[in-house]
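An overview of the molecular structure
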Amino acid sequence: MGTAWKLADHPKLPERSSPSPVVVLDGWAEASPDKYNCIHVADTPTMDSLRNAHGTAVGLPTDDDMGNSEVGHNALGAGRIYAQGAKLVDLALASGKIYEDEGFNYIKESFANNTLHLIGLLSDGGVHSRLDQLQLLLKGASERGAKRIRVHVLTDGRDVVDGSSVGFAETLEKDLAELCGKGIDAQVASGGGRMYVTMDRYENDWEVVKRGWDAQVLGEAPHKFKSVVEGIKKLREAPNANDQYLPPFVIVDENGKPVGPIMDGDAVVTFNFRADRMTMLAQALEYEKFDKFDRVRFPKIRYAGMLQYDGELKLPSHYLVSPPLIERTSGEYLVNNGIRTFACSETVKFGHVTFFWNGNRSGYFNSELEEYVEIPSDSGITFNVQPKMKALEIGEKARDAILSRKFDQIRVNIPNGDMVGHTGDIEATIVACKAADEAVKMILDAIEQVGGIYVVTADHGNAEDMVKRNKKGEPLVGKDGKVQIQTSHTLQPVPVAVGGPGLRGGVKFRKDVPNGGLANVAATVMNLHGFVAPDDYETTLIEVVD
Ligand SMILES: O=C(O)[C@H](O)COP(=O)(O)O
Ligand SMILES: [Mn+2]
Ligand SMILES: [Mn+2]
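This structure is a prediction, so every number in the text was calculated from the model and none was measured.

Points about the nonpolar core
Note on soluble globular proteins: their nonpolar side chains tend to be buried together. M306 and L320 are the most contacted members of the largest nonpolar core, which has 78 residues in total. Top element by residues in this core is helix α7 (residues 165–181). It accounts for 6 residues. Core analysis: the next-biggest nonpolar cluster, separate from the first, contains 76 residues, I339, A463, L518 and L541 among them.

In structure tokens form, the structure reads like this:
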């Protein structure tokens, strides 16, 4: 049966009365005001005024697990809560179903005579991948016939503390040594820091993927080591070395020969479950026709993703676990009800308000009613160097879209709190927060001019707490006597504010949705466009009191 797209009219809120921006501040939550709270330290008058405006702002709790952009934007766009990739992989590994499905059986064909390569983020951060899942997969594959295994690691330091890569590499080396004890030839073949090697996203910088390709596929890298632990330790000795940005390296044998380039006939699994930073490599591994960089050699492999990363492109075509099927997103409903939609961010977050928002789906639902604008991000730098990023450009584009009156919904992501927060640079993050606040002001000023309605929220925390803390909430001090900087997201509640001159009187936040979260925003936004959300959506956060 086809989907009934027509949404019921809201009994009290008028349809399409005024432009409504949904502004997502990436990595921006509420936390106690101290010097490690960059949002508090920064000059952020616009966000402060939203917080202080009585009755317009509430805090939404994020998940028990540290929130992230994928979970956050999926929930914002879909209006429902889905078991996410990480959970689905856990279930498939626990039940053993992963080994029965098409993807594993496909790569298994290579086990008898060829090598199984596993490429992914070596971390227990749980945002893109998890070490325990890699461990289970190594065990499961070796028990099912894989005789020669090579792991290509990407070090983290972004979703976990910088320097933790050494411990993860030691754990992996120990596991691989155990497999060797069982007669399996298993070792690490290459590595590099995630932000410099392989894990670019939204095509910001293909050089990042190329560096990984050279090491993983061609076996070529500027650094060569006998073991991964030795390699990481050595590379971390360089001044300002950081797990996120370690240069690419390959592991070589006693003759200096790389131990694991990817060859014809081999099987390859990219073991990240999260899509955004794997689709570029997936294209390079899968597409016959490819012009993003010179692959030099394009091995004929059996490739499977941990998940299928892009539902629209069906990329990759083979995968070990089926991704959550996120259908009937709010974006699709609204477009089908005539809502003209504009979405914008800079490259590094562009897919958050398009791809993630639309349920991990590329492209437009209706190109006549939608316009997605990507502002090119700076590439080849760490964002503490340019903490303002493109916040003001995003603000300008959103402002212009609002003032043009060509759109009903204007959706933007403002990346600064998150992207600069991940660098762990407190001074820069303060500048970042101020810039984000200025972008919000530009948008709210435009809304004021056209008599629109705004929703301002965030996907998870980051910039509001930049240190690791003990159970009492006190900053943790490391062996070097310095506080331990936290580069990852936080568990803090995020703000949500609704307002603007177009909002009719009597609209209030409901008091009976105590556990409301990001998934409740979609129904709220539908209301503001004059519609009632579908029944299976999480309930709205607002009511109209006459
Ligand atoms: O990919 C990243 O940058 C981090 O691992 C998570 O950040 P995001 O979830 O905010 O994108
Ligand atoms: Mn985010
Ligand atoms: Mn982030």
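Concerning the UniProt feature "domain: BPG-independent PGAM N-terminal" (unreviewed entry) in the chain
UniProt records the feature "domain: BPG-independent PGAM N-terminal" (unreviewed entry) at residues 90–310, using the numbering of this structure. The span residues 90–310 carries 33% helix and 18% strand; its end-to-end C-alpha distance comes to 20 Å.

A word on the packing of aromatic side chains
Enumeration according to the criterion identifies 12 aromatic pairs in this entry. Judged by centre distance (5.5 Å) and plane angle (80°), the ring pair of W206 and F290 falls under edge-to-face. Of this pair, W206 sits in helix α8 (residues 206–218) while F290 sits in the loop between α10 (279–286) and β9 (302–307), and the two are 84 residues apart along the sequence. For the residue pair W206 and F290, the accessibility class agrees, reading buried in each case. Their ring planes at 50° and their centres at 5.1 Å tell us that F342 and F407 sit as a pair that is tilted. Residue F342 is found in strand β11 (residues 341–346), and its partner F407 is found in the loop between α14 (391–404) and β13 (409–414); the two are separated by 65 residues along the sequence.

Some remarks on the UniProt feature "active site" (unreviewed entry) in the chain
As recorded in UniProt, the sites labelled "active site" (unreviewed entry) are S69. Position of S69 relative to the elements: it lies in helix α3 (residues 69–78). S69 sits in the buried class, given a relative accessible area of 1%. A polar contact of 3.5 Å, which involves the side chain of S69, links it to the side chain of D26.

Describing the domain arrangement of the chain
For the chain, the domain assignment lists domain 1 (20–82 + 326–544) and domain 2 (85–321). A C-alpha centroid distance of 32 Å is found between domain 1 and domain 2. The interface is formed by 28 residues belonging to domain 1 together with 22 residues belonging to domain 2. Roughly 1,900 Å² of surface becomes buried between domain 1 and domain 2 when both sides are summed, with 50% attributable to carbon and sulfur atoms. On inspection of domain 1 and its partner domain 2, the count reaches 1 salt bridge. One can count 12 residue pairs in polar contact (both at pLDDT 80 or more) joining domain 1 with domain 2.

Here we look at the site of ligand 1
As a matter of local geometry, ligand 1 sits amid 17 residues, with S69, H128, D159, R274 and R277 nearest to it. Separating an oxygen atom of ligand 1 from a side-chain N or O atom of H422 is a distance of 3.3 Å. Relative to its unbound accessible surface of 300 Å², ligand 1 loses 100% to contact with the protein. Class assignment for the residues of the shell around ligand 1 results in 1 nonpolar, 7 polar and 9 charged. Residue-level mapping places the shell around ligand 1 at the junction of two domains, with at least three residues from each of domain 1 (20–82 + 326–544) and domain 2 (85–321).

Digging into the coordination of the manganese ion (ligand 2)
Here the manganese ion (ligand 2) is held by D26 (OD), S69 (OG), D459 (OD) and H460 (NE2), and the distances to it run 2.0 to 2.1 Å. Taken as a pair, the manganese ion (ligand 2) and the manganese ion (ligand 3) lie 4.2 Å from each other. Of this pair, S69 sits in helix α3 while H460 sits in the loop between β14 (454–458) and β15 (494–499), and the two are 391 residues apart along the sequence.

Overview of the sheet that holds strand β5 (residues 185–193)
Read across the sheet, 8 strands follow the order β6-β7-β5-β4-β3-β8-β9-β10 without closing on themselves; strand pairing throughout is mixed. The strands lining the two open edges of the sheet, one partner per strand, are β6 (223–225) and β10 (319–321). The average undirected angle you get between the axes of adjacent strands in this sheet is 20°. Of the strand pairs in this sheet, strand β3 (residues 116–122) and strand β4 (residues 148–155) are connected by 7 bridges, and their pairing is parallel. Following the sheet pairing, H117 is matched in β4 by R150.

Here's the deal with the coordination of the manganese ion (ligand 3)
For the manganese ion (ligand 3), the full set of protein donor atoms is D418 (OD), D418 (OD), H422 (NE2) and H489 (NE2), and the range of their distances to it is 2.1 to 2.3 Å. If you look at the manganese ion (ligand 3), its 6 donor atoms make angles of 57 to 168° with each other, and the shape they trace is irregular. For the manganese ion (ligand 3), all donor residues lie on one chain, and their spacing in sequence is D-x3-H-x66-H.

Notes on the side chain of Q244
Locating Q244 in the fold gives a position in the loop between α9 (228–235) and β7 (249–251). Within polar-contact distance, the side chain of Q244 engages the backbone oxygen of G157 at 3.2 Å. A polar atom in the side chain of Q244 sits 3.0 Å from the side chain of R158. In this structure, Q244 is in contact with T155, D156, G157, R158, G193, R194, M195, Y196 and H422, ignoring residues within four places of it in sequence.

Brief notes about the packing of helix α6 (residues 131–143) against α7
Two elements in contact, α6 and α7, have axes separated by 11 Å at closest approach and are oriented at 10°. The angle between α6 and α7 places the two elements in the roughly parallel class. Contacts between α6 and α7 involve L131, L134, Q135, L138 and S142 from the first element and F168, T171, L172, D175, L176 and L179 from the second. Partitioned by chemical class, the residues of the contact of α6 with α7 number 7 nonpolar, 3 polar and 1 charged.

Some details on the environment of E15
Tracing the sequence through the fold places E15 in the segment before β1 (20–25). Sequence spacing of E15 and I339 is 324 residues, and the spatial spacing of their C-alpha atoms is 9.5 Å.

Cut-offs and rules
Residues numbered from 1 in each chain as written. Chains lettered and ligands numbered in written order. Predicted model: local features only at pLDDT ≥ 70, side-chain atom pairs only at ≥ 80, totals over all residues. Heavy atoms only, no water. Core = buried A, V, L, I, M, F, W, Y, C linked by side-chain atoms within 4.5 Å. Buried < 20%, exposed > 50% of the residue type's maximum accessible area, 1.4 Å probe, protein only. Helix = DSSP H or I, 4+ residues; strand = E, 2+ residues; numbered from the N terminus. UniProt positions renumbered as here; feature names shortened; annotations may be inferred. Phe/Tyr/Trp six-rings, centres within 6.5 Å; stacked < 30°, edge-to-face > 60°. Polar contact = N/O pair within 3.5 Å; in protein donor to acceptor, adjacent residues only side chain to side chain. Domains from an automatic or database assignment. Contact = heavy atoms within 4.5 Å. Buried area = accessible area lost by both parts, 1.4 Å probe. Salt bridge = Lys/Arg side-chain N within 4 Å of Asp/Glu carboxyl O. Near = heavy atom within 4 Å. Areas by Shrake-Rupley, 256 points an atom, 1.4 Å probe, with all protein chains shown as cover. Nonpolar A, V, L, I, M, F, W, Y, C, P; charged D, E, K, R; others polar. Donors = N, O, S within 2.8 Å, 3.2 Å for Na, K, Ca; no water. Pairing = 2+ DSSP bridges. Axes fitted to C-alpha atoms, helices over the stretch in contact; angles between N-to-C directions. Tetrahedral: all angles 85-135°; square planar, octahedral: opposite > 155°, others 65-115°. Parallel < 35°, antiparallel > 145°, perpendicular 65-115°, else oblique.

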